[in-house]
Amino acid sequence: MPPKNTQPKYRQIADYLREGILDGTFPAGQPLPSEESLAKQFGVTRPTVRQGLTELRASGLVEAIMGRGTFARSPHNRPSFTYPRGVRRSPDGQYTEADGIRWTDAEEPTATRTDAPLALADLLRIPPGEPLFTYDALQTADQGRLRQLHRTYVPFSVLLGTKYEETPPPPAPQLYNALAELGHELHFTEYVRTRMPMPDQAQALRLADGVPLLHVLRVTFTAADKPLAMEEFHLPGHDLELAFRL
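In this report, we go over the structure that sits alongside the text.

Conventions and cut-offs
Residues numbered from 1 in each chain as written. Predicted model: local features only at pLDDT ≥ 70, side-chain atom pairs only at ≥ 80, totals over all residues. Heavy atoms only, no water. Helix = DSSP H or I, 4+ residues; strand = E, 2+ residues; numbered from the N terminus. Rg over C-alpha atoms; globule rule 2.2 N^0.38 Å. Buried < 20%, exposed > 50% of the residue type's maximum accessible area, 1.4 Å probe, protein only. Contact = heavy atoms within 4.5 Å. Areas by Shrake-Rupley, 256 points an atom, 1.4 Å probe, with all protein chains shown as cover. Lys, Arg positive; Asp, Glu negative; His and termini not counted. Charge placed at Lys NZ, Arg CZ, Asp CG, Glu CD. Polar contact = N/O pair within 3.5 Å; in protein donor to acceptor, adjacent residues only side chain to side chain. Phe/Tyr/Trp six-rings, centres within 6.5 Å; stacked < 30°, edge-to-face > 60°. Axes fitted to C-alpha atoms, helices over the stretch in contact; angles between N-to-C directions. Parallel < 35°, antiparallel > 145°, perpendicular 65-115°, else oblique. Nonpolar A, V, L, I, M, F, W, Y, C, P; charged D, E, K, R; others polar.

Focus: the overall build of the protein chain
Thought 1: Helix and strand counts for the protein chain come out as six helices and 13 strands.
Thought 2: For 246 residues, the compact-globule estimate of 2.2 N^0.38 gives 18 Å, and the C-alpha radius of gyration of the protein chain, at 23 Å, exceeds that figure by more than 25%.
Thought 3: Relative to its full complement of 246 residues, the protein chain shows a buried share of 41%.
Thought 4: Within the protein chain, contacts between residues separated by at least 24 positions form 58% of all contacts whose residues are at least 6 apart in sequence.
Thought 5: By element, 52% of the accessible surface of the protein chain is carried by carbon and sulfur atoms, the whole surface being about 14,100 Å².
Thought 6: Averaged over its 27 positive side-chain charges, the protein chain has a centre that lies 8 Å from the centre of its 30 negative ones.

Structural data, given as structure tokens:
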């Protein structure tokens, strides 16, 4: 006689659905059994079923679509989008993004003066609290299907003695050409990690529950490895991958 399952019913439901998603019983993009059928199968109420589904949403394995039901997500599927990462320089000396995507600002970038927090000051090798020019923009592409949050940081100290000491420089990627015009030979380093979004980020990027962010920091350096600026990208983490040519 098999041992009795002593786990709470909602956990049994979550485990059953998780196994089905991972082994292909419930294919990615297809609806899961209805709350009513799961409640009948496990002899529970619909709130108990919802508790199990909530556990799966938190792990990113299911997505609830209003008016349509709950759909499976497979962690094994290839994402729909691949973003080549990096910066290219054209024969005429202009810097462009390697992904080739025509990003447009959904609204005018917000320009502010901020003080460098400790983590960013460390990457930029400036004292914590040094003032920065900061630009924020929500950017879209492919008729709004692709979305990213983009922030540019430029330390005031980098611009001392230049024409941008009184007039703020442009945000990236135009910033690269402005720095090159000041005589800098540029190269770049990116740092990539994942984390869960803040509520305003989830709303701006239209992320479902349980979907993480890809958080990318790109530091711009001179030929002598002096940091000049930093960009911060927040990208949806469920249906894209980043590609780096090494």
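Considering the environment of Q148
Thought 1: Here Q148 is to be found in strand β9 (residues 146-155).
Thought 2: Assessed through its relative accessible area of 3%, Q148 is described here as buried.
Thought 3: A sequence separation of 78 residues divides Q148 from T70, and the C-alpha atoms of the two residues are 25 Å apart.
Thought 4: Setting aside residues up to four positions removed in sequence, Q148 forms contacts with W103, A137, L138, Q139, L205, F233, H234 and L235.
Thought 5: A polar contact of 2.7 Å, which involves the side chain of Q148, links it to the side chain of Q139.

Observations concerning the packing of aromatic side chains
Thought 1: Enumeration over the complete set of coordinates arrives at seven aromatic pairs.
Thought 2: Considering the side-chain rings of Y83 and W103, the 6.0 Å spacing of their centres and the 80° angle between planes classify their relative orientation as edge-to-face. Taken together, the positions of Y83 in strand β3 (residues 81-84) and W103 in the loop between β5 (95-97) and β6 (104-105) put the pair 20 residues apart, joining distant regions of the chain.
Thought 3: Of the residues examined, Y83 reaches a relative accessible area of 2% and is grouped as buried.
Thought 4: Accessibility expressed as a relative area gives 17% for W103, which makes it buried.
Thought 5: Taking 4.9 Å as the distance between ring centres and 65° as the angle between the ring planes, the aromatic pair formed by Y176 and F188 counts as edge-to-face. With Y176 in helix α5 (residues 174-181) and F188 in strand β10 (residues 187-195), this residue pair connects regions lying twelve residues apart in the sequence.
Thought 6: Residue Y176 is classed as buried on the basis of its relative accessible area, which comes to 0%.

Quick notes on the side chain of Q139
Thought 1: Assignment of secondary structure puts Q139 in strand β8 (residues 131-141).
Thought 2: With sequence-adjacent residues up to four places away left out, Q139 is seen in contact with W103, T104, D105, A106, L146, R147, Q148 and H150.

With respect to the side chain of R147
Thought 1: Along the chain, the position of R147 falls in strand β9.
Thought 2: A polar side-chain atom of R147 sits 2.8 Å from the main-chain carbonyl oxygen of A204.
Thought 3: Apart from residues no more than four positions distant in its own chain, R147 is found in contact with W103, L138, Q139, T140, A204, L205, R206, L235 and P236.

Quick notes on the packing of helix α2 (residues 35-42) against helix α3 (residues 46-58)
Thought 1: The geometry of α2 relative to α3 is characterised by a closest axis approach of 9 Å and an angle of 105° between their N-to-C directions. Between α2 and α3, the angle falls in the class roughly perpendicular. Along the contact surface, α2 presents E35, E36, L38 and A39, while α3 presents R46, V49, R50 and L53.
Thought 2: The class makeup of the residues in the contact of α2 with α3 is four nonpolar, no polar and four charged.

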